[in-house]
Amino acid sequence: MIRPALVAITLILATPALAQTPAAAPPTASTPSLQRYQLDLEVIRNGVTLFWTVTQIVEGAPVEASATVNGVTYDFSANLFAVQGDGDEAQMMLEAHFAGGETELAAPRLTFLRDRMALIEVGDKSGDLLKMSIAPIR
């Protein structure tokens, strides 16, 4: 499975500057105060998708998803919030937890700019890969 050390190293390297792509257009005055985001999670084992979910998330409203594959229940949960101390509240933090059965497989944290798309991929030599992305819904 995904090794904790690799997860830690990847998360350290996933700074806002490295983890995002430019937005298509800046937010307008009509943008709602609580921006909705599309959150995608995919777990790949040896090139085969094991778990995949797409959901919407807003600041302060956690999301959860689960699936049973070959008798193992995989659980995913995430929470989105503004980074404290950021005067313009331009940065957001996504905290996620992914578990298979009773074992926590990954707990990535991703900091990104509010109006940008961000992506993190965590994998190991065994062929396991966790891909998570978040993007504002316009």
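If you're wondering where the values come from, they're calculated on a predicted model, not measured in any experiment.

A. Just the nonpolar core, in detail. Counting 27 residues, the largest nonpolar core has Leu39, Ile57, Phe76, Leu94 and Ile134 as the members making the most contacts within it. Going through the elements one at a time, strand S2 (36-45), strand S3 (48-58), strand S5 (72-82), strand S6 (91-100), strand S7 (103-106), strand S8 (109-113), strand S9 (117-123) and strand S10 (128-136) are the ones with two or more residues in this core. For this core, the leading source of residues is S5, giving five residues. In contact with Leu94, not counting residues within four places along its chain, are Leu39, Ile57, Ala78, Asn79, Leu80, Pro108, Arg109, Leu110, Phe112, Met132 and Ile134.

B. Quick peek at the packing of aromatic side chains. The full count for this structure, using the stated rule, is three aromatic pairs. Joined through ring pairs, the aromatic side chains of Phe51, Tyr74 and Phe98 make up one cluster.

C. Structural detail: the confidence of the model for the protein chain. For the protein chain, per-residue confidence averages 77 on the pLDDT scale, and residues scoring 70 or more make up 72% of the total. Low pLDDT, under 50, characterises residues 3-32; the stretch is placed with 37 contacts to residues that sit more than four places away or in other chains.

D. Seen up close, the pairing of S5. The pairing of strand S4 (residues 63-69) with S5 spans seven bridges and is antiparallel. The partner of Ala65 across the bridge, within S5, is Phe76. The turn joining S4 and S5, which pair antiparallel and follow one another in sequence, is formed by two residues; a positive phi near 50° is taken by Asn70. Note: S5 against S6, nine bridges, orientation antiparallel. Its bridge partner being in S6, Ser77 is matched across the sheet by His97.

E. Seen up close, the pattern of salt bridges. The tally for this structure, following the rule as stated, stands at four salt bridges. When the shortest N-O distance is used, the salt bridge between Asp128 and Arg45 registers 3.3 Å. In this pair, Asp128 is assigned in strand S10 and Arg45 in strand S2, connecting sequence segments 83 residues apart. For Asp128, a relative accessible area of 6% puts it in the buried group. Residue Arg45 is classed as partly exposed on the basis of its relative accessible area, which comes to 29%. For Glu59, the salt bridge goes to Arg114, with nearest N and O atoms at 3.5 Å. In this pair, Glu59 is assigned in the loop between S3 and S4 and Arg114 in the loop between S8 and S9, connecting sequence segments 55 residues apart. Here Glu59 falls in the partly exposed class, since its relative accessible area comes to 25%.

Calculation criteria
- Residues numbered from 1 in each chain as written.
- Predicted model: local features only at pLDDT ≥ 70, side-chain atom pairs only at ≥ 80, totals over all residues.
- Heavy atoms only, no water.
- Core = buried A, V, L, I, M, F, W, Y, C linked by side-chain atoms within 4.5 Å.
- Buried < 20%, exposed > 50% of the residue type's maximum accessible area, 1.4 Å probe, protein only.
- Helix = DSSP H or I, 4+ residues; strand = E, 2+ residues; numbered from the N terminus.
- Contact = heavy atoms within 4.5 Å.
- Phe/Tyr/Trp six-rings, centres within 6.5 Å; stacked < 30°, edge-to-face > 60°.
- pLDDT = per-residue confidence, 0-100.
- Pairing = 2+ DSSP bridges.
- Salt bridge = Lys/Arg side-chain N within 4 Å of Asp/Glu carboxyl O.

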